[in-house]
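Architecture and fold: a report
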Amino acid sequence: MPRRLGEDMMLDRPEANGREGMRIAVLDDELDQQALISAALTEAGHECHCFDRSADLQPGLRAKEFDLLVLDWDLPNLDIGALLRLVRESFGTSVPVILLTHRCDEADLVEALGAGADGFISKPLRVAELQARAEALMRRARFSVGGDQPQDYGRYRFLPAARQLLMDGQPVELKNREYELALLLFQNLGRLLSRDYLRATIWGSAREDGSRSLDTHISRVRSKLALRPEHGFMLTATYGMGYRLESVDPSEMPPSSLRAFG
């Protein structure tokens, strides 16, 4: 039987941070589309609020009332850049934004991503894809359990407010997804995180895309952070399943093991 997205994606499952569903704002001027989106997200356990016009949505944005935004990019006279700037001014990066669109021009998509969108869903809308994307973005937005407070793990200190990692007090140069992947691994020390869970949480989709992006990022994180037993942490792969970051005591490791990871 095919496995549904989210089912057994994280093999040792962390806590859900105390909240089940999200407050989601939907901006769409077609009532049928609103009803479809609202029904899909409500079925997935979320609270959905629909708006016909950008102006009607903006008071809720300024009041910081929402956990996720689903916006129809094809609305007439919608200045998506201005709306995304308002979202980021109101919420920072804590609230994900999904754009629904017929557009496929690469320049448009790159511009929207640069303005603050987190992803796209192509029309006609597929309910299962919307539900899966919402769940993935919810995990991504909430995996930072410590909020903006510094988080310390031995020689490593994460500064979420600045999206920076210090190792022995010195900054480590990490790209955006490398930082997110490193923080997610440290926040789940000792847990085996499946490949599906890691892709869904960091990239927003659990589907294999034929690339080695996850493995490449894992390799870079392991190298840049020097995750080796002699430094107190070991990042290992379980074939066909996922990755686990573990805290280890170098004094209890046989010399041959330390050499193997050197």
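See above for the structure.
Residues numbered from 1 in each chain as written. Predicted model: local features only at pLDDT ≥ 70, side-chain atom pairs only at ≥ 80, totals over all residues. Heavy atoms only, no water.

**What to know about the overall build of the protein chain**
When its secondary structure is counted, the protein chain shows 9 helices and 12 strands. Considering only intrachain contacts with a sequence separation of at least 6, the fraction spanning at least 24 residues in the protein chain is 62%. Carbon and sulfur atoms make up 49% of the accessible area of the protein chain, which amounts to about 13600 Å² in all. (Helix = DSSP H or I, 4+ residues; strand = E, 2+ residues; numbered from the N terminus. Contact = heavy atoms within 4.5 Å. Areas by Shrake-Rupley, 256 points an atom, 1.4 Å probe, with all protein chains shown as cover.)

**Observations concerning the sheet that holds strand 1 (residues 23–27)**
Here 5 strands make up an open sheet; going across it, the order is 2-1-3-4-5 and the pairing parallel. The open sheet has two edge strands, strand 2 (47–51) and strand 5 (119–122), and neither has a second partner. The mean inter-strand angle of the sheet, taken between neighbouring strand axes irrespective of direction, is 20°. In this sheet, strand 4 (residues 97–101) lies alongside strand 3 (residues 68–72) in parallel orientation, the contact comprising 4 bridges. The partner of L71 across the bridge, within strand 4, is L99. Lying on the sheet, helix 2 (residues 54–62) is in contact with strand 1, strand 2 and strand 3; it crosses strand 1 at an angle near 160°. (Pairing = 2+ DSSP bridges. Axes fitted to C-alpha atoms, helices over the stretch in contact; angles between N-to-C directions.)

**Quick look at the state of the cysteines**
Considering all chains together, one arrives at 0 disulfides under this definition. No disulfide involves C48; its nearest neighbouring cysteine sulfur is the one of C50, lying 4.5 Å away. Note on C50: relative accessible area 31%, which makes it partly exposed. (Disulfide = S-S within 2.5 Å. Buried < 20%, exposed > 50% of the residue type's maximum accessible area, 1.4 Å probe, protein only.)

**What to know about the packing of helix 7 (residues 195–203) against helix 8 (residues 213–224)**
Where helix 7 contacts helix 8, the two axes come as close as 11 Å, and the packing angle between them is 85°. With respect to helix 8, the element helix 7 is oriented roughly perpendicular. In this structure, helix 7 uses R195, L198, R199 and W203 to contact helix 8, whose residues at the interface are S213, L214, D215 and H217. For the contact of helix 7 with helix 8, the class distribution of residues is 3 nonpolar, 2 polar and 3 charged. (Parallel < 35°, antiparallel > 145°, perpendicular 65-115°, else oblique. Nonpolar A, V, L, I, M, F, W, Y, C, P; charged D, E, K, R; others polar.)

**So, the sheet that holds strand 12 (residues 242–247)**
If you walk across this open sheet you meet the 3 strands as 10-12-11, and the pairing is antiparallel. In this open sheet, the two strands that pair with only one neighbour each are strand 10 (192–194) and strand 11 (233–238). On average, each strand axis in the sheet is inclined to that of its neighbour by 20°, with strand direction left out of account. In the sheet, strand 10 pairs with strand 12 via 3 bridges, with the strands oriented antiparallel. The partner of S194 across the bridge, within strand 12, is G242. Packed on one face of the sheet, helix 7 meets strand 10 and strand 12 and runs near 70° to strand 10.

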